[in-house]
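The lines below spell out each chain.
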Amino acid sequence: MKAENEQRTGLLYGFGAYGIWGLVPLFWPLLMPAGAVEILAHRMTWSLAVVGVALLAVRRWGWIRELLRQPRKLGLTALAASVISVNWGLYIWSVNNGHVVESSLGYFINPLVSIAMGVLVLGERLRRVQWVAVGLSFVAVLVLAIGYGRPPWISLVLACSFATYGLIKKKLNMGGLESLAAETAMLFLPALGYLLWLTAQGRSTFAAQGVGHALLLAATGLVTAIPLVLFGAAAIRVPLSTLGLLQYMAPVFQFGLGVLYFHEAMPPERWAGFSLVWAALALLTWDALRTARRSRAALAAAPAVVAAPAREPA
C-alpha cells in the first residue's frame, strides 16, 4: 500500500514537472521586450538564488568540497553549463520568434538523438526496432527540411544540445539540485557581468519596464528550479519506463500551443515529418515496454530456476 502511494505521489510530481515544461512557452513572451540573451542571463542569475535557498533549507553542502577536489568533474560541470546555456538561450529565442512548433520537434526527437549518441559515443548496440526508429527519424528530418526549405536547425540544435547535456550528466552522476547549483554557479558571474553591462549601456529592461516586468524576470529562477525539483522527486518514486513515457508530455503540450494558441503554420509536409517522428517514438516506446516486461518476467522466473535443483534430490 505504501509503495502504491509513493508511486501515485511520484506520478503527480512527474505530471507537475513535465506539465510546467510543456506550458513554459506561455511564459517567455511575457518577458518581452527583453531579448533572449537578457532573459537567459536573468535565468542563470535567479536560478542560482533559488537553488541556494533550497540548499540552505536541506543543509546539503558537503558535495561542494568533493566537487572542488575533482578537476575532471569540474571540467564536465563547466561543459554541462555551457551546453545547457545554448539549449536554454535557443529555446527562449525560438519561442519568442514564432518557432514553438519547431522547438517542440527538438524535444520529440531528443530520445532518438540520445540513442544515436549512445551508439556513436558509448558504443551501445541497438535492437532492430531501435534501428528502425532511428531510420524513421532521419527520414523525418529530410521531409521537414524539404518542407521548411532548410534543415530544421532549431530542432536539431535543441535535441543535440539536450542529449549532450544528458550524456554529461550521466558521466557526472550528481543529484539534480547539486548539479544545477554547480552549473548556475559557473554561469553566474558571466551572466551578472552581462546584466551589469546592459544596465551601463542603458539597454537593460529590468528596471526600465516597471516592477511587474522585474518580478517576471526574477521568476525565471522559479520557472527553472521548480520543475527540476519535481522531476527529482518523481525520479526516485516511479519506474524509469514511466518517466520515459511522461517525457512526451512536454513536447505534446508545446506542439499543441504552437498550433492552437500561437497559430503557427502546419503545411502537409510538416504534418508528414511530424507523423514520421511520432511513428518512430511509438516504436521506441513499444520496444522499451516489451523489453521491460521481458526483464521483469526473467527476474520473476529466476527464483524458481534456482530453487528447482534443491527439490530434485528428494
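For the structure itself, consult the block above.
This structure is a prediction, so every number in the text was calculated from the model and none was measured. (Residues numbered from 1 in each chain as written. Predicted model: local features only at pLDDT ≥ 70, side-chain atom pairs only at ≥ 80, totals over all residues. Heavy atoms only, no water.)

A. Looking closely at a nonpolar patch on the surface. Together, Leu23, Leu26, Val252, Phe253 and Tyr261 make up a nonpolar patch on the protein surface, roughly 450 Å² of accessible area in all. Residue placement: Leu26 occurs in the loop between α1 (2-23) and α2 (36-58). (Patch = residues over 30% accessible without salt bridge, like charges linked within 9 Å, V, L, I, M, F, W, Y side chains within 5 Å. Areas by Shrake-Rupley, 256 points an atom, 1.4 Å probe, with all protein chains shown as cover. Salt bridge = Lys/Arg side-chain N within 4 Å of Asp/Glu carboxyl O. Helix = DSSP H or I, 4+ residues; strand = E, 2+ residues; numbered from the N terminus.)

B. Region of the structure containing helix α10 (residues 220-235). Under the 1.5 Å per step criterion, the end-to-end length of α10 is 23 Å for 16 residues, consistent within 8% with the ideal 22 Å. Looking only at α10, the buried set comprises Thr220, Gly221, Val223, Thr224, Ala225, Pro227, Leu230, Ala233 and Ala234. (Expected span 1.5 Å × (residues − 1). Buried < 20%, exposed > 50% of the residue type's maximum accessible area, 1.4 Å probe, protein only.)

C. Here's a closer look at the packing of aromatic side chains. Under the definition given, this model contains 18 aromatic pairs. Their ring planes at 75 degrees and their centres at 5.8 Å tell us that Tyr91 and Tyr107 sit as a pair that is edge-to-face. A residue pair is termed long-range when its members are at least 10 positions apart, and Tyr91 in helix α4 (residues 71-96) and Tyr107 in helix α5 (residues 100-120) qualify at 16 residues. When sorted by exposure, Tyr91 lands in the same class as Tyr107, which is buried. Counting every residue linked through ring pairs, the aromatic cluster contains Phe108, Phe255, Trp271, Phe274 and Trp278. Across from the ring centre of Trp88, 4.2 Å away, lies the NZ or CZ of Arg43, which sits over that ring. (Phe/Tyr/Trp six-rings, centres within 6.5 Å; stacked < 30°, edge-to-face > 60°. Lys NZ or Arg CZ within 6 Å of the ring centre and 35° of its normal.)

D. How the structure looks around the pattern of salt bridges. Across all of its chains, the model carries four salt bridges by this definition. When the shortest N-O distance is used, the salt bridge between Asp287 and Arg127 registers 2.7 Å. Highlighted residues: Asp287 in helix α13 (residues 268-311) and Arg127 in the loop between α5 and α6 (128-148), separated in sequence by 160 residues. Under the relative-accessibility criterion, Arg127 is labelled partly exposed at 35%. Among the ionic pairs, Glu183 bridges to Lys169, the shortest N-O distance being 3.4 Å. Note that Glu183 is positioned in helix α8 (residues 176-200) and Lys169 in helix α7 (residues 153-172), a separation of 14 residues in sequence. Judged by relative accessible area, Glu183 falls into the buried class, the value being 1%. Judged by relative accessible area, which is 23%, Lys169 ranks as partly exposed. Overlapping salt bridges, with partners in common, bring together Arg127, Asp287 and Arg290 in one network.

E. Geometry of helix α12 (residues 249-261). When the terminal C-alpha atoms of α12 are compared, their 17 Å separation across 13 residues agrees well with the 18 Å that a helix rising 1.5 Å per residue should span. Along α12, the residues classified as buried are Met249, Ala250, Pro251, Gln254, Phe255, Leu257 and Gly258. Following α12 by one or two positions, His263 adopts a phi angle in the positive range, close to 55 degrees.

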